[in-house]
Amino acid sequence: MDLPTAVKNYQFGERAKSELIMVSQLCVALTGFKDPEKTGARRMLIMVMEATRAELQFAVHSTGHSSFQKAINSLSEAISLVESDQPDQASLKIGAAVSAATTPAQEAWQVLSEHGLL
């Protein structure tokens, strides 16, 4: 992997991980909402999840790394689970998305570290 590709993969991977972890925490928080609040909270959570998915799609187009597509697929499943009021199961799918987004970041970290950039 060349340095410019490593920088992009690292940047997109780390950003995706941060966003996905936040989304996972919001899924867990959703389970504690009372029914009157839950509908609006679920809609907002889905909007955040869709924005994160758009960021991942940008990562796929910018880097071509297939792991970002795997993260998109897991996140799409999580969105469906939240839509059907299963936020706990959605958190598990988001965990798979975090793992997928970690792969390009880790690969890039090794290259950047070898060049003394991290």
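> Looking at this structure, I do not really get the environment of Ala101. What am I missing?
Relative to the elements of secondary structure, Ala101 occurs in helix α4 (residues 87–114). Look at Ala101 and you get buried, because its relative accessible area is 0%. For the pair Ala101 and Ala16, spaced 85 residues apart in the sequence, the C-alpha separation amounts to 6.3 Å. The contacts of Ala101, once residues within four sequence positions are left out, are Gly13, Ala16, Lys17, Leu20, Phe68 and Ala71.

> Please clarify how helix α1 (residues 3–30) should be interpreted in this entry.
The periodicity of an α-helix, 3.6 residues per turn, causes residues three or four positions apart to be oriented the same way. Given a rise of 1.5 Å per residue, 28 residues ought to cover 40 Å, and the 40 Å separating the end C-alpha atoms of α1 matches this to within 8%. What α1 keeps buried is the set Ala6, Asn9, Phe12, Gly13, Ala16, Lys17, Glu19, Leu20, Val23, Ser24, Cys27 and Leu30. Packed against the buried residues of α1 are α2 (35–63), α3 (66–83) and α4.

Cut-off values and rules
Residues numbered from 1 in each chain as written. Predicted model: local features only at pLDDT ≥ 70, side-chain atom pairs only at ≥ 80, totals over all residues. Heavy atoms only, no water. Helix = DSSP H or I, 4+ residues; strand = E, 2+ residues; numbered from the N terminus. Buried < 20%, exposed > 50% of the residue type's maximum accessible area, 1.4 Å probe, protein only. Contact = heavy atoms within 4.5 Å. Expected span 1.5 Å × (residues − 1).

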